[in-house]
Amino acid sequence: MANGWFRKRKEEPRNVPEGLFTQCNKCREQLFTREWERNLKVCMKCGHHHRFSARERIELLIDAGAFHELDANLASNNPLDFPGYAESLERNRTKTGMTDAIVSGAGTLEGIPLTISVTDANFMMGSMGSVVGERIARAVEHATERRIPTVLVSGTGGGARMHEGLLSLMQMAKTSAAIARHHAAGLMTVVVLTEPSMAGVLASWGSLGDIILAEPGAMIGFVGQRVSQQANVSKVPADFQTAEFQLAHGQVDVIVPRKDLKATLARMFQFAGTPRVVTSDPVAAVTA
């Protein structure tokens, strides 16, 4: 009788609401979704930093009500008539609510005026097409004109977007030139590398910050591990292309947990002598 009762109880379906739990991508722990989100999508057990969207990143870093998006009307088309590209763009726009793989704009961070550009791996792996490069270049130029710092956040695993050919590759030079002019003006560029930061992005604007920060455990490199294995590259260390490996080899300056990122950036800008704005309209201060 006990065995029959046990079998009956075991066969009863569990009524668990959908979305109640989220599984950590690294340790596979089941996390309460609300608690995980309150913890900025960082695993409470192993500390793994899950991907953040561009909008979530801006909400984390920019003061409430102080963000003004720039160039939101720019959108990619299909200049080379690449098969399926237009359909892929439309699918990603529907899925993410974004027009392309980046959000850029101006705002204040603890009262410090700056421009910020954030790529998003949820949109075609954050790959850099002509619109992504154009928005980054314009955001940097906006900062140069107003003599304020700029922050570039990479969540870009797709590198240059092959669908646009050389139009995509030339964004490496365009963004690099804009940052060079910003540097020549004596202004500060900070790059934040998150999971993943790879390929042509890392070979251009992703490596050009006066200070380069990284999130713990972020994958950072030029050629991904799977591609390296296919190319018969010699055996690499277990932590190869992690933020920790890059810190040990001088690619990044400091690893900063997500919860500490805003305060860390504010201290850096204060040390550099960047003044805060005192105004009831912070958006006007960075867009006028």
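All of the points below concern the structure found in this document. (Residues numbered from 1 in each chain as written. Predicted model: local features only at pLDDT ≥ 70, side-chain atom pairs only at ≥ 80, totals over all residues. Heavy atoms only, no water.)

## What to know about the side chain of Lys41
Here's step 1: Considering the arrangement of structural elements, one finds Lys41 in the loop between α2 (33–38) and α3 (54–61).
Here's step 2: For Lys41, the side chain forms a polar contact with the side chain of Glu56, separated by 2.9 Å.
Here's step 3: Setting aside its immediate chain neighbours within four residues, Lys41 contacts Trp36, His48, His49, His50, Arg51, Phe52, Glu56 and Arg258. (Helix = DSSP H or I, 4+ residues; strand = E, 2+ residues; numbered from the N terminus. Polar contact = N/O pair within 3.5 Å; in protein donor to acceptor, adjacent residues only side chain to side chain. Contact = heavy atoms within 4.5 Å.)

## Digging into empty space enclosed by the protein
Here's step 1: Evaluated as defined, the whole model comprises 2 cavities of 30 Å³ or more.
Here's step 2: Estimates place the volume of the largest cavity at around 70 Å³.
Here's step 3: What lines the largest cavity is a set of 16 residues, among which Phe52, Arg57, Gly155, Thr194 and Glu195 lie closest to the centre.
Here's step 4: Going through the elements one at a time, α3, β5 (112–119) and β6 (150–154) are the ones with two or more residues in the lining of the largest cavity.
Here's step 5: Looking at side-chain class alone, the lining of the largest cavity contains 5 nonpolar, 6 polar and 5 charged residues.
Here's step 6: Taken as a whole, the second largest cavity spans an internal volume of roughly 30 Å³.
Here's step 7: Forming the walls of the second largest cavity are His48, His49, Glu195, Glu215, Pro216, Gly217 and Ala218.
Here's step 8: Its residues placed into classes, the lining of the second largest cavity shows 2 nonpolar, 3 polar and 2 charged. (1 Å grid on protein atoms, 1.4 Å probe; cavity = no way out; pocket = protein on both sides within 12 Å on 5 of 7 lines; lining within 4 Å. Points joined across faces, edges and corners; volume = space filled by probe spheres on them. Nonpolar A, V, L, I, M, F, W, Y, C, P; charged D, E, K, R; others polar.)

## Here's the deal with the pattern of salt bridges
Here's step 1: As enumerated under the stated definition, the model contains 13 salt bridges in all.
Here's step 2: One salt bridge connects Arg138 with Asp71, and the closest N-O pair in it is separated by 3.0 Å. Taken together, the positions of Arg138 in helix α5 (residues 130–146) and Asp71 in the loop between β3 (68–69) and α4 (85–96) put the pair 67 residues apart, joining distant regions of the chain.
Here's step 3: Of the residues examined, Arg138 reaches a relative accessible area of 34% and is grouped as partly exposed.
Here's step 4: Across the pair Arg181 and Glu141 runs a salt bridge, and its minimum N-O distance is 3.1 Å. With Arg181 in helix α6 (residues 166–184) and Glu141 in helix α5, this pair connects stretches of sequence that are 40 residues apart.
Here's step 5: Residue classification places Glu141 among the partly exposed positions, given a relative accessible area of 30%.
Here's step 6: Ionic contacts of the salt-bridge type, sharing partners, join the residues Asp71, Glu134, Arg138 and Lys174 into one network. (Salt bridge = Lys/Arg side-chain N within 4 Å of Asp/Glu carboxyl O. Buried < 20%, exposed > 50% of the residue type's maximum accessible area, 1.4 Å probe, protein only.)

## A short note on the sheet that holds strand β4 (residues 102–109)
Each strand in a sheet pairs with another by means of backbone hydrogen bonds, the pair being arranged parallel or else antiparallel.
Here's step 1: Spatial ordering of the open sheet is given by β3-β4-β5-β6-β7-β9-β11, a layout of 7 strands whose pairing is mixed. What marks the edges here is a single partner per strand, and that holds for β3 and β11 (254–255).
Here's step 2: Pairing analysis gives 5 bridges linking β6 to strand β7 (residues 189–193), with the strands arranged parallel. If you follow Ser154 over to β7, its bridge partner there is Leu193.
Here's step 3: Those strands touched by α5 are β4, β5 and β6, and its axis lies near 170 degrees from that of β5. (Pairing = 2+ DSSP bridges. Axes fitted to C-alpha atoms, helices over the stretch in contact; angles between N-to-C directions.)

## Details of the pairing of β4
Here's step 1: Burial analysis of β4 places 8 of its 8 residues in the buried class, which makes it a mostly covered element.
Here's step 2: Residue alternation in β4 divides its side chains into two sets, Ile102, Ser104, Ala106 and Thr108 and Val103, Gly105, Gly107 and Leu109, and both sets are buried.
Here's step 3: Relative to β4, β3 runs antiparallel, the two sharing 2 bridges. Of the residues in β4, the one forming a bridge with His68 is Ala106.

## Concerning the packing of α3 against helix α10 (residues 261–271)
Here's step 1: The N-to-C vectors of α3 and α10 enclose an angle of 55 degrees; their axes lie 9 Å apart at closest approach. In terms of axis orientation, α3 runs oblique to α10. Across the interface between the two elements, Arg57, Leu60 and Leu61 of α3 pack against Leu261, Lys262 and Leu265 of α10.
Here's step 2: A class-by-class count of the residues in the contact of α3 with α10 yields 4 nonpolar, no polar and 2 charged. (Parallel < 35°, antiparallel > 145°, perpendicular 65-115°, else oblique.)

## Some points on the layout of surface pockets
Here's step 1: Approximately 160 Å³ is the volume found for the second largest pocket.
Here's step 2: Lining of the second largest pocket is provided by Asn25, Lys26, Cys46, Gly47, His48, His49, Glu195, Pro216, Gly217 and Glu244.
Here's step 3: Each residue belonging to the lining of the second largest pocket can be placed in one class, and the counts come to 2 nonpolar, 5 polar and 3 charged.

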